[in-house]
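This is what each chain is made of:
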Amino acid sequence: MGTILDYLREYGDYSLAEKPFCDVDSLVISQLSYLKFDGIVPGPGKECAPVSLGEIAAHADYDHLYADERYRKDNTALFTGVLNSRRFGQMRLWNYVNLIEPEKESQFSAVVCGIPGGISYVVFRGTDENIVGWKEDLNLAFSEPVPGQLHSVPYLEQAARTIEGSFYVGGHSKGGNLAVYAAMHCDPAVRGRIERIYDHDGPGFRPEVREQGAWTEIEGRIHKTVPRSSLVGMLLYTEGDYRVVESKTLGLAQHNPYTWLVKEGDFRIVDDIRPGRRFVDQTLNEWILSLDQEQMRIFVDTLYRVVQASETDNLIDFTAHWFQSVHKIGKAIGGVDEETAGVVMQIMRALFEMVYVQAREQAQNKHESRESRRRGKKNRWELQREKFEEGMSQLERRLQLQPSEKK
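Once that is clear, we can look at unusual backbone geometry. What you tend to see is this: most non-glycine residues have negative phi, and most peptide bonds are trans. Despite not being glycine, Asn95 has its phi angle at roughly 65°, a positive value. Here Asn95 shows up in strand β2 (residues 92–101). We classify Asn95 as buried; its relative accessible area is 3%.

This is the structure we're talking about:
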């Protein structure tokens, strides 16, 4: 088994006629949309021809593609793999937009990819595991449209005018949500041309949002995939089918497309998301749906302040180091009602549990775990759990939560 990078090495020489476009191809395109094409790929309305991958590689600002240093190595390997493949090498890009609105806590980016074999793919950029991106995903839980969703509809309609015939639309994370939202709310003539809608671990929608859009028209065209410990992708996803993909990593890090496993030309599919993860997803969704707009804003802002108080910039580090800032986190939670504080504490427990349970399972097959059991010692994950519970107890005492709000 491998990742999308291994997939490109193994299947990159197959044309789409030899191996039809699949979910893995869509994730490759979705991840490609995270590259920074500013000043390289023409935007909407500009009298410029679509740009080839070769032209992008030869551009003076080529290195700007990898402005996100965290993923420079993987993104470089992805672009190189796509460029050198027979499958995607002749692909052309156009209609690139990248709008950043800090005051609205919004970032919107999309591009059209013309793939060899006659496929046009309108792809929306998503978010990663940094806390600003996660807050944006949570903001999608509001019933009123967020700025990115409002941008997605006119963008899709304008992009469709540059495409002949049918096309695909999709994205990863928030990008998957925007793809579905735009398909639900665009002009019916445009919607009728959409052949497939790809949603890779993107948040869902409140019932009233689905009812306001053409959900029933497009539901059968949605190809949704989520990792085994999905949190973002199951947020408000209460209807519709999905496929569950095995990942090579733990917990929230599974949101990263580079961790999704591929086997024999398709994703490594498992039966369902983890039972404990499913329970947390259902509990969180039920609680979110019970809130009005103002309550939801308070909840999202509080959860955001909690992660900020931990002095980490992403949710993966938060699960590992939050207890180093217990007092600051307590201050961030303080001031909200007891029910909101209790749910925030539940989520903190869930984030830790996602990592702990899978790490424990993996450790059972490793030398460290066997040696620890033989010597009667606790392994590092058991020690981590004890430290976590100690920190949670401190928070509960500080907030004076009742037992019903602790779990």
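After presenting the structure, the write-up continues.
This part takes up the pattern of salt bridges. All chains considered together, the criterion is met by 12 salt bridges. In this structure, Arg72 and Glu69 form a salt bridge, with 3.1 Å as the shortest nitrogen-oxygen distance. Overall, the relative accessible area of 52% leaves Glu69 in the exposed class. Note that Glu208 and Arg206 form a salt bridge whose closest N and O atoms lie 3.0 Å from each other.

A rise of 1.5 Å per residue sets the reference length of helix α7 (residues 174–185), with its 12 residues, at 16 Å; its end C-alpha atoms lie 16 Å apart and thus fit the reference within 8%. α7 sits mainly inside the fold: 11 of its 12 residues count as buried. Residues Lys174, Gly175, Gly176, Asn177, Leu178, Ala179, Val180, Tyr181, Ala182, Ala183 and Met184 constitute the buried set of α7.

This part takes up the sheet that holds strand β4 (residues 119–124). Within the open sheet, the 9 strands sit side by side as β1-β2-β3-β4-β5-β6-β7-β8-β11. Their pairing is mixed. Both edges of this open sheet fall to β1 (51–52) and β11 (269–270), since each of them pairs with a single strand only. Packed on one face of the sheet, helix α6 (residues 147–160) meets β2, β3 (106–115), β4, β5 (167–172) and β6 (194–200) and runs near 25° to β3.

In terms of nonpolar packing, the biggest core is built from 42 residues, with Phe37, Ile56, Met91, Leu93, Cys113, Ile115 and Tyr121 touching the most fellow members. Secondary-structure elements contributing two or more residues to this core are α1 (4–11), α2 (23–32), α3 (53–58), α4 (72–83), β2, β3 and β4. Beyond its immediate chain neighbours, meaning those up to four positions away, Cys113 contacts Ile29, Met91, Arg92, Leu93, Trp94, Ile119, Ser120, Tyr121 and Val123. Among the nonpolar cores identified, the runner-up in size contains 31 residues, and Ala110, Ala160, Ile194 and Ile218 belong to it.

The interhelical angle for the contact between α1 and α4, taken along N-to-C directions, is 20°, at an axis separation of 10 Å. Relative to α4, the element α1 is oriented roughly parallel. When you trace α1 past α4, the crossing you get is left-handed. Facing α1, whose interface residues are Ile4, Leu5 and Leu8, α4 presents Asp74, Ala77, Leu78, Gly81 and Val82.

Cut-off values and rules
- Residue numbers run consecutively from 1 along every chain, following the written order of its sequence.
- Totals for whole chains, interfaces and linings use every residue, but because this is a predicted model, local features are given only for residues with pLDDT of at least 70 and side-chain atom pairs only at 80 or more, for both listing and counting.
- Hydrogens and water molecules were not included; the side-chain quantities draw on all heavy atoms of the structure.
- Starting at the N terminus, helices and strands are each numbered in turn, a helix being any DSSP run of H or I of at least four residues and a strand any DSSP run of E of at least two.
- For each residue, the accessible area found with a 1.4 Å probe, counting protein chains only, is set against the maximum for its type, and the residue is called buried under 20%, exposed over 50%, and partly exposed in between.
- Just to be clear on terms, a salt bridge is a Lys or Arg side-chain nitrogen sitting within 4 Å of an Asp or Glu carboxyl oxygen.
- A helix is expected to reach a length of 1.5 Å times the quantity of its residues less one.
- Two strands pair under a simple rule: DSSP has to find at least two bridges between them.
- Only heavy atoms matter for contacts: two residues are in contact if any of them lie within 4.5 Å across the pair.
- Lines are fitted to the C-alpha atoms to define the axes, a helix being fitted only along its stretch in contact, and any angle between axes, read from their N-to-C directions, falls within 0 to 180 degrees.
- Put simply, a nonpolar core is a bunch of buried Ala, Val, Leu, Ile, Met, Phe, Trp, Tyr and Cys residues held in one set by side-chain atoms that sit within 4.5 Å of each other.
- Note that the term roughly parallel is reserved for angles under 35 degrees, roughly antiparallel for angles over 145, roughly perpendicular for angles of 65 to 115, and oblique for everything else.
- Take the far helix as the reference: if the near one is turned anticlockwise from it by less than a right angle, the crossing is left-handed, and if turned clockwise, right-handed.

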